[in-house]
Amino acid sequence: MLEIVQLNAFYGQAQALFGVSLRVEAGEFVVLQGLNGAGKSTLLKALMGLEVRTEGRIGYQGAAGAANIERWATHRRARAGLGYVAEDRRLFTGLTVRENLRIAAGRDAMAQEARVLDLFPVLKTMLKRPAALMSGGEQQMLAIARTLMTSPRILLLDEPCEGIAPLLVESIRNALLALKSSGMPILVAEQNQLLAGSADRRLVLVAGKVRDS
Ligand code: ATP
């Protein structure tokens, strides 16, 4: 589904990833771990074509077949099904929950919204609430839900559980496991052990390299 081969990433002259290789298959839940600064966010940004310059290959199995996407613009990667949720969530805080979802919707918005709200029942109870008035954990659910409204083929999440109450971490984990069992591949950068404990595979980054396990 996604195959990263010998990926290097650079911020200007500074190299942040060194020869990272990994695969994520359909229905696989992979967690990326590592200390602050190890390169987790950089890897997700590199997959989306954001901020960093990369060398190496990114193979992706999209709806239109397999392709190497490492030279594609970010919007093309998103349209091809890479669903990314950044660490800062990037919600429209002045808009309500429902408006945040609708703004991301493609075709078949109503049915998609119903599916997404079933995954995150808490959001159903606050559809009219401005995103600014939600807790961090609720905002994180909304950010994931909004990305799901675009019908992605793979989910890339940057620290979804950082600083979030345990009960909401549990809800996020349950939603991710339900998505996984429906065949969605998921790659999550995350230190939270509850989430990491549910992963099929964990990969540890140390100073921009995959640690041998
Ligand atoms: P965190 O949990 O703190 O987000 P991380 O594992 O996601 O850590 P990255 O944010 O990917 O780590 O950082 C990897 C390396 O790249 C670090 O050395 C960091 O200082 C550097 N870096 C990150 N963003 C930039 C940037 N915009 N410009 C220059 N260097 C950066």
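Right above here is the structure, for reference.
Residues numbered from 1 in each chain as written. Predicted model: local features only at pLDDT ≥ 70, side-chain atom pairs only at ≥ 80, totals over all residues. Heavy atoms only, no water.

K.L.:
Any chance you could break down the overall build of the chain for me, citing the residues and the numbers?
P.N.:
From N to C terminus, the chain includes 8 helices and 10 strands. Here the C-alpha atoms of the chain give a radius of gyration of 17 Å, agreeing with the 17 Å that 2.2 N^0.38 yields for 213 residues. Each of the three principal axes of the chain carries a C-alpha extent, and together these read 45 × 35 × 35 Å. Pairs at least 24 residues apart make up 69% of the contacts formed inside the chain by residues separated by at least 6 positions. Summing over all exposed atoms, the chain offers an accessible surface of approximately 9,900 Å²; the carbon and sulfur share of this is 52%. Side-chain charges of the chain comprise 26 positive and 20 negative groups, with the mean position of each set lying 4 Å from the other. (Helix = DSSP H or I, 4+ residues; strand = E, 2+ residues; numbered from the N terminus. Rg over C-alpha atoms; globule rule 2.2 N^0.38 Å. Contact = heavy atoms within 4.5 Å. Areas by Shrake-Rupley, 256 points an atom, 1.4 Å probe, with all protein chains shown as cover. Lys, Arg positive; Asp, Glu negative; His and termini not counted. Charge placed at Lys NZ, Arg CZ, Asp CG, Glu CD.)

K.L.:
Kindly report on the site of the ligand, identifying the contributing residues and their values.
P.N.:
As a matter of local geometry, the ligand sits amid 13 residues, with Gly-37, Gly-39, Lys-40, Ser-41 and Thr-42 nearest to it. The contact in question runs from an oxygen atom of the ligand to an N or O atom on the backbone of Gly-39, over 2.9 Å. Between the ligand and the protein, one listed contact pairs an oxygen atom with a side-chain N or O atom of Glu-159 at 2.9 Å. Here the ligand, which alone exposes 630 Å², has 60% of that area covered by the protein. (Near = heavy atom within 4 Å. Polar contact = N/O pair within 3.5 Å; in protein donor to acceptor, adjacent residues only side chain to side chain.)

K.L.:
Tell me what's going on with the pairing of strand S8 (residues 186–189), and back it up with residues and numbers.
P.N.:
Side chains Ile-186 and Val-188 project from S8 onto one buried face, and the interleaved Leu-187 and Ala-189 project onto a second face that is buried too. Of the pairings in the sheet, the one linking strand S3 (residues 29–33) to S8 comprises 4 bridges and is parallel in character. Bridging from a neighbouring strand, Val-30 pairs with Leu-187 of S8. Summarising the sheet, strand S7 (residues 154–158) and S8 pair through 4 bridges and their orientation is parallel. Within S8, the position partnered with Leu-156 by the bridge is Leu-187. (Buried < 20%, exposed > 50% of the residue type's maximum accessible area, 1.4 Å probe, protein only. Pairing = 2+ DSSP bridges.)

K.L.:
How would you explain the nonpolar core if you had to name every residue and give the values?
P.N.:
If you look at the biggest cluster of nonpolar residues, it comprises 38 residues, and the most contacted ones within it are Leu-123 and Leu-176. Among the elements of the structure, S3, helix H3 (97–104), helix H4 (109–119), helix H6 (136–148), S7, helix H7 (166–181), S8 and helix H8 (193–196) are those that each provide at least two residues to this core. When sequence neighbours within four positions are dropped, the list of residues in contact with Leu-123 reads Val-97, Leu-117, Met-134, Glu-138, Met-141, Leu-142 and Ala-145. Listed in part, the 30 residues of the second largest apolar core include Tyr-60, Ile-69, Trp-72 and Leu-205. (Core = buried A, V, L, I, M, F, W, Y, C linked by side-chain atoms within 4.5 Å.)

K.L.:
Summarise the pairing of strand S2 (residues 14–24); cite the residues concerned and give the values.
P.N.:
Examined bridge by bridge, strand S1 (residues 2–11) and S2 share 7 bridges and lie antiparallel to one another. Residue pairing in the sheet places Phe-10 in a bridge with Gln-15 of S2. Here S1 hands over to S2 after 2 residues, with Gly-12 in that stretch at a positive phi of 60°.

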